[in-house]
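Residues per chain are reported as follows:
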Number of protein chains: 6
Amino acid sequence: MALVKLANYADASPEARAVFDDIMATRDTDYINHIWRALAVHPPMLKRFWGQMKEIMINPSRLDPLTKELIYLAVSITNDCTYCINTHTAAARKKGMDDEILAELNEIVALANAGNRLTSGLQLEVDEVLDQRQRSPKWKAARSARGKKSTRTTTRKRQTGSVASQTMASRKTKR
Amino acid sequence: MALVKLANYADASPEARAVFDDIMATRDTDYINHIWRALAVHPPMLKRFWGQMKEIMINPSRLDPLTKELIYLAVSITNDCTYCINTHTAAARKKGMDDEILAELNEIVALANAGNRLTSGLQLEVDEVLDQRQRSPKWKAARSARGKKSTRTTTRKRQTGSVASQTMASRKTKR
Amino acid sequence: MALVKLANYADASPEARAVFDDIMATRDTDYINHIWRALAVHPPMLKRFWGQMKEIMINPSRLDPLTKELIYLAVSITNDCTYCINTHTAAARKKGMDDEILAELNEIVALANAGNRLTSGLQLEVDEVLDQRQRSPKWKAARSARGKKSTRTTTRKRQTGSVASQTMASRKTKR
Amino acid sequence: MALVKLANYADASPEARAVFDDIMATRDTDYINHIWRALAVHPPMLKRFWGQMKEIMINPSRLDPLTKELIYLAVSITNDCTYCINTHTAAARKKGMDDEILAELNEIVALANAGNRLTSGLQLEVDEVLDQRQRSPKWKAARSARGKKSTRTTTRKRQTGSVASQTMASRKTKR
Amino acid sequence: MALVKLANYADASPEARAVFDDIMATRDTDYINHIWRALAVHPPMLKRFWGQMKEIMINPSRLDPLTKELIYLAVSITNDCTYCINTHTAAARKKGMDDEILAELNEIVALANAGNRLTSGLQLEVDEVLDQRQRSPKWKAARSARGKKSTRTTTRKRQTGSVASQTMASRKTKR
Amino acid sequence: MALVKLANYADASPEARAVFDDIMATRDTDYINHIWRALAVHPPMLKRFWGQMKEIMINPSRLDPLTKELIYLAVSITNDCTYCINTHTAAARKKGMDDEILAELNEIVALANAGNRLTSGLQLEVDEVLDQRQRSPKWKAARSARGKKSTRTTTRKRQTGSVASQTMASRKTKR
């Protein structure tokens, strides 16, 4: 069931058909999952989400396919997404996940959810020696590099006046 | 601050620069927000996320720009995302949100979060007369349409044997 | 800091002042927390949220005041709400929470968050013997009781035709 | 199904009946949704939640009815509330939502959820030029306005002593 | 249903059986809930989660059994965990929860979820007089107490050099 | 800062000291993170959470240490836990995560959060061919195996009478 009609190949728009073709070719299958048939209700949405999924999850990258599925699953479990947990458990099993790794994954997810709440409930401050945040360097406008004279700046910049006064203001309001 | 170094135009890769150029042109500004400078740590990620943001939030569509910002804000408030609440409140104000609409938005978001929990805590079943879910039509493989003979089917189809036995099985396990 | 200007008594509207007065009288204090001063940006919102807080959290009820605060805190910790965790920890301490109870609360919250994910990740079905959900009795319209002839029914009722056919349909689509 | 017995008009308490009557009159229907019949298990809860829903979602306000439903839906989707997604999709469709707007809504919700995590995962700091938070003005007690001499102040005020020393203290601990 | 096979006593490993025995003895029952039978897929996980549940929720402590169940339920409702809501509603009813307390619990949970979002959406800063966070005292290494000469310090300590320079640095970067 | 006083070695209880010793020995460091010093407010809580962390995250297992940290981070990002994101980013970097892997992780987490909402907003039903849930086998009481005559069964079993009638009932109410 779904809140929109699931498309079939025969009644799909040309734009949706092109995506269905790419899915079937990429995955070497004749079957299209519900998610793609539902997204076909708005073909640009189908194209965008499939594009992301293919580039991020399927195309080769630094992380191996199983690790990517485990990360996807960890999020889906935390969000309690029944559809995603089932489909990505199927995908992870194809890539080598067995019951023991499934158990490990779930226990890490449970532990992290517990740890997240403990640090929140106790309102912990990040240890200085572990703080990974780096101070943000100021944005340097791309004027010369872009080879054109900028005629517009952001609103507040104008309000605070000169570069010098803004620097002073930023020092005071920093948090 | 951020967990990665925020890029400046001068030190950005050509791929990242192209996105920065598009952002500045699309928004008619010389300023690039932290989010884009951080995503530049991995240019394909910057390109993908900006592409989505532009196509979904900036390009003209059925929903007007203010409504789109209010929806984005409703999610960001529910997820308690400080960065997003600030930047999209700024964007919504530019598009016409005043204090009263901000108040209305917040009250609807609060009410919906309350209502979501009440229906969960009481384990409510959707009223038949309001159930919006439609029965999913079975997927029809695209064989003839694609003009090639498929040689592969999904794993479980093979396991359950003939089409007839699968139909029977599906009738029993339907939920 | 806040996204709206925090009101002071002197510049508040009469409707907001009436709520401020009720807060100060109910709590026997001259101090008004940020939340109320911010909600005053839209007085009906201030009135509604204070009304709920007073009736649910402050007025005497079956649950004692400390238990109510612990429940409020459990939710706020799960949602990682810094403002709420601080203000309701303060409230709970006034009502008797010490460090040991604070620790117990946090450990239960962490355990529940872990348990919630384990059952989700493993896609557990509720044990029949523990299932607390009761079958919903059909709604009986209030016609005679309200002493008027109804001239309108919901849309789908009309579509499915007679009461008899709807009953049959509901039997089939029940889940 | 539900964790409490759904009330029918005939067996509802007078207080619950009064709310049922108001719902049927306001919505011009003879049908009462499960949520209201379940909340009738505790009539003050029914009265409060219906009161909120009517004042915030149904009574005319600055935002139009469809926009309000889209905001409510955006939250319900983010929280994965099956009951709310179905009932408010039905409500939004009545107010003009078609499949294309439904698709747009879902894609904005998905994008916002993605964006919320990116800014969190990268630990982004709000851009100074976009920071919408205003410094909170100190609370000014309402003594003269309320026409009585206050005899009680908050605990910490006493500890930090004079107004002058508190101002100094606040400067140091500000974050 | 579940993503792993639910164990029965006869086919459980000795380590899992020992936990099953402890559950049945502790709860004085012959019935084992789905959660424990599923966790038996990885006995160390079963042992760990049951150990936590027993020590935190079942063993006597400062909070009474009903209050502990209400806190567990408040989290499970906020996370919309169907399995947990059903099983812990059953447990809470055994410990004295009736429909009215169930209603109160749900209304507090709903109110807290609403309040959490209001403070987030308005980006409220904690009132100084309510701020419960205490400044963290610096860690004092346990050298003498542990009776051995430490030969290793954390990385950043080395980078910032002497203790004096670190103290100065921490003063500047404190937030 | 924190809601409880962070313990130092000198003032910690013997039970807490034993955990501090184990942490320092296991991690080969003299530094104890804020989380452990805060949990020392209730030594059994410190012991339990450290025990879990050590057994699940530090002891060798099927998943390699970096993958475990990435899973922990994916959850912490989804929950927006500042403390956890910083400390586990530090831990993941020590185990080999560089900026590119950090970027990949974040993009998968963002994509999964987006996908989770799309399937929720469209109310998708799991594809039969992908459904990973197995039918739960009935619990078989451990009577003979435990070598004692059970004198107690669960409440509802008694109500539904004989084994045969329960089996029939379960067939009808199964979902």
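Residues numbered from 1 in each chain as written. Chains lettered and ligands numbered in written order. Predicted model: local features only at pLDDT ≥ 70, side-chain atom pairs only at ≥ 80, totals over all residues. Heavy atoms only, no water.

Caption draft 1: Representation of the overall build of chain A in the model. Looking only at helices and strands, chain A has nine helices and zero strands in total. The buried share of chain A, taken over its 175 residues, is 59%. Long-range pairs, those at least 24 residues apart, make up 46% of the contacts in chain A between residues at least 6 apart in sequence. For chain A, the exposed area adds up to about 7100 Å²; of that, 53% sits on carbon and sulfur atoms. (Helix = DSSP H or I, 4+ residues; strand = E, 2+ residues; numbered from the N terminus. Buried < 20%, exposed > 50% of the residue type's maximum accessible area, 1.4 Å probe, protein only. Contact = heavy atoms within 4.5 Å. Areas by Shrake-Rupley, 256 points an atom, 1.4 Å probe, with all protein chains shown as cover.)

Caption draft 2: Broad picture of helix α5 (residues 82-94) of chain A. All names here are of chain A. The terminal C-alpha atoms of α5, which comprises 13 residues, lie 19 Å apart, in line with the 18 Å expected from a rise of 1.5 Å per residue. Of all the positions in α5, only Tyr83, Cys84, Ile85, Asn86, Thr87, His88, Thr89, Ala90, Ala91 and Ala92 are classed as buried. Directly beyond the C-terminal end of α5, a positive phi value near 120 degrees is found at Gly96. (Expected span 1.5 Å × (residues − 1).)

Caption draft 3: Structural context of the state of the cysteines. All names here are of chain A. Per the stated rule, a full pass over the model turns up six disulfides over all chains. There is a disulfide in this structure between Cys81 and Cys84, and the S-S distance comes to 2.3 Å. Looking down the S-S bond of the Cys81 and Cys84 bridge, the torsion is 50 degrees, so its handedness is right-handed. Assessed through its relative accessible area of 4%, Cys81 is described here as buried. (Disulfide = S-S within 2.5 Å.)

Caption draft 4: Focus on the packing of aromatic side chains. According to the stated counting rule, one finds 23 aromatic pairs over all chains in the structure shown. Pairing Tyr9 of chain A with Phe20 of chain A gives two aromatic rings, centres 6.5 Å apart and planes at 35 degrees, and the pair type is tilted. Pair noted here: Tyr9 of chain A is in the segment before α1 (14-27) and Phe20 of chain A is in helix α1, with a separation of eleven residues, a long-range link. Pairwise contacts between aromatic rings join Tyr9 and Phe20 of chain A together with Trp139 of chain B into one cluster. (Phe/Tyr/Trp six-rings, centres within 6.5 Å; stacked < 30°, edge-to-face > 60°.)

Caption draft 5: Main features of the pattern of salt bridges. Under the definition given, this model contains 54 salt bridges over all chains. Across the pair Glu107 of chain A and Arg48 of chain E runs a salt bridge whose closest N-O atoms are separated by 2.6 Å. Of the two residues, Glu107 of chain A is situated in helix α6 (residues 99-121) and Arg48 of chain E in helix α3 (residues 43-58); the pairing between them involves two chains. A single burial state applies to Glu107 of chain A and to Arg48 of chain E, both of which are buried. Residue Glu128 of chain A is joined to Lys138 of chain E by a salt bridge in which the shortest nitrogen-to-oxygen separation is 3.3 Å. In this pair, Glu128 of chain A is assigned in the loop between α6 and α7 (143-146) and Lys138 of chain E in the loop between α6 (99-121) and α7 (143-146), connecting two distinct chains. Judged by its relative accessible area of 27%, Glu128 of chain A falls in the partly exposed class. The partly exposed category is assigned to Lys138 of chain E, whose relative accessible area is 44%. When salt bridges with common partners are traced through the structure, they connect Arg48 of chain A, Glu55 of chain B together with Glu107 of chain D into a single cluster. (Salt bridge = Lys/Arg side-chain N within 4 Å of Asp/Glu carboxyl O.)

Caption draft 6: Region of interest: the relation of the copies chain D and chain F. Each copy superposes on the other: chain D lies on chain F with an RMSD of 0.0 Å after a rotation of 180 degrees and an axial shift of 0.0 Å. The operation mapping one copy onto its partner corresponds to a two-fold rotation axis. Closest approach to the rotation axis within chain D is made by the C-alpha atom of Ala114 of chain D, at a distance of 2.6 Å. Here 100% of the interface residues in chain D have copies in chain F that are interface residues too; the copies meet face to matching face. (Least-squares fit on C-alpha atoms with pLDDT ≥ 70 in both.)

Caption draft 7: Looking closely at helix α4 (residues 65-78) of chain A. The end-to-end C-alpha distance of α4 of chain A, which contains 14 residues, comes to 20 Å, matching closely the 20 Å that a straight helix rising 1.5 Å per residue would cover. A positive phi of about 55 degrees marks Asp80 of chain A, the residue just after α4 of chain A.

Caption draft 8: Spatial organisation of the relation of the copies chain D and chain B. Take chain D, turn it by 180 degrees, move it 0.0 Å along the axis, and it overlays chain B with an RMSD of 0.0 Å. When you check the interface residues of chain D against chain B, 100% turn up at the interface there too, and the contact is symmetric in its surfaces.

Caption draft 9: Representation of the side chain of His34 of chain F within the structure. Here His34 of chain F shows up in helix α2 (residues 34-39). In terms of polar contacts, His34 of chain F uses its side chain to reach the backbone carbonyl oxygen of Glu125 of chain A, at 2.6 Å. Those residues in contact with His34 of chain F that lie beyond four places of it in its chain are Leu124, Glu125, Val126 and Asp127 of chain A, Ser136 of chain E together with Leu6 and Tyr83 of chain F. (Polar contact = N/O pair within 3.5 Å; in protein donor to acceptor, adjacent residues only side chain to side chain.)

Caption draft 10: Spatial organisation of the interface of chain D and chain F. Contacts between the two partners involve 20 residues from chain D and, on the opposite side, 20 residues from chain F. A buried area of about 1700 Å², summed over both sides, lies between chain D and chain F, and 59% of it is on carbon and sulfur atoms. Linking chain D with chain F are zero salt bridges, by the criterion used here. Connecting chain D to chain F are nine residue pairs in polar contact (both at pLDDT 80 or more). Of all elements in the fold, only α4 (65-78), α5 (82-94) and α6 (99-121) of chain D reach the threshold of two or more residues within the side of chain D that touches chain F. Here the side of chain D that touches chain F takes ten residues from α6 of chain D, the largest share from any one element. (Buried area = accessible area lost by both parts, 1.4 Å probe.)

Caption draft 11: Structural view of the environment of Ile85 of chain F. All names here are of chain F. The topology assignment puts Ile85 in helix α5 (residues 82-94). With relative accessibility at 0%, the residue Ile85 sits in the buried group. Between the C-alpha atom of Ile85 and that of Leu73, which follows or precedes it by twelve residues, the distance is 6.2 Å.

Caption draft 12: Main features of the packing of helix α4 (residues 65-78) of chain C against helix α4 (residues 65-78) of chain E. α4 of chain E packs onto α4 of chain C with a crossing angle of 35 degrees between their chain directions and a minimal axis gap of 9 Å. Between α4 of chain C and α4 of chain E the crossing geometry is right-handed. Here Thr67, Leu70, Ile71, Ala74, Val75 and Thr78 of chain C of α4 of chain C lie close against α4 of chain E, whose contacting residues are Thr67, Leu70, Ile71, Ala74, Val75 and Thr78 of chain E. Looking at side-chain class alone, the contact of α4 of chain C with α4 of chain E contains eight nonpolar, four polar and no charged residues. (Axes fitted to C-alpha atoms, helices over the stretch in contact; angles between N-to-C directions. Left-handed = near helix turned anticlockwise from the far one by under 90°. Nonpolar A, V, L, I, M, F, W, Y, C, P; charged D, E, K, R; others polar.)

Caption draft 13: Molecular detail of the interface of chain D and chain B. Contact with chain D, which involves 69 residues of that partner, is made by 69 residues of chain B. Regarding the contact of chain D and chain B, the summed buried area is about 6200 Å², with carbon and sulfur atoms giving 69% of it. Our enumeration of links across chain D and chain B arrives at four salt bridges. Asp98 of chain B serves as the salt-bridge partner of Arg62 of chain D, at 2.8 Å between the closest nitrogen and oxygen. Counting across the interface, chain D meets chain B through 26 residue pairs in polar contact (both at pLDDT 80 or more). At the level of elements, α2 (34-39), α3 (43-58), α4, α5 and α6 of chain D are the ones that each hand at least two residues to the side of chain D that touches chain B. With 17 residues, α6 of chain D is the largest single contributor of residues to the side of chain D that touches chain B. Split by residue class, the side of chain D that touches chain B holds 38 nonpolar, 19 polar and twelve charged.

Caption draft 14: Fine view of the confidence of the model for chain A. All names here are of chain A. Residues at a pLDDT of 70 or more form 81% of chain A, whose mean pLDDT is 85. When the criterion is pLDDT under 50, residues 147-175 qualifies, and its contacts beyond four places in sequence or with other chains add up to 29 contacts. Across the whole predicted complex the pTM is 0.86, and at the interface the ipTM reaches 0.83. (pLDDT = per-residue confidence, 0-100.)

Caption draft 15: Expanded view of the nonpolar core. The biggest cluster of nonpolar side chains holds 359 residues, and the ones touching the most others in it are Phe20 of chain B, Phe20 of chain D, Phe20 of chain E together with Phe20 of chain F. Once residues within four sequence positions are removed from consideration, Phe20 of chain F is found in contact with Trp139 of chain E together with Ala7, Asn8, Tyr9, Ala12, Ile32, Trp36, Arg37, Ala40 and Leu46 of chain F. (Core = buried A, V, L, I, M, F, W, Y, C linked by side-chain atoms within 4.5 Å.)

Caption draft 16: Representation of the packing of helix α4 (residues 65-78) of chain B against α6 of chain D in the model. At a closest axis distance of 9 Å, the pairing of α4 of chain B and α6 of chain D adopts a crossing angle of 45 degrees. Looking at the two axes, α4 of chain B sits oblique to α6 of chain D. The crossing of α4 of chain B and α6 of chain D is right-handed. Packed against α4 of chain B, whose contacting residues are Lys68, Ile71, Tyr72, Val75 and Ser76 of chain B, the element α6 of chain D presents Glu104, Leu105, Ile108, Val109, Leu111, Ala112, Asn113, Gly115 and Asn116 of chain D at the interface. (Parallel < 35°, antiparallel > 145°, perpendicular 65-115°, else oblique.)

Caption draft 17: Examining unusual backbone geometry more closely. The backbone of Asp80 of chain B sits at a positive phi, close to 55 degrees, despite the residue not being glycine. In this structure, Asp80 of chain B sits in the loop between α4 and α5 (82-94). For Asp80 of chain B, a relative accessible area of 18% corresponds to the buried category. Positive phi values are uncommon outside glycine, yet Gln123 of chain E reaches one of about 55 degrees. Structurally, the position occupied by Gln123 of chain E is in the loop between α6 and α7.

Caption draft 18: Layout of the environment of Ser120 of chain C. Tracing the backbone shows Ser120 of chain C in helix α6 (residues 99-121). Setting aside chain neighbours within four positions, we find Ser120 of chain C in contact with Ile77, Asp80 and Ile85 of chain A.

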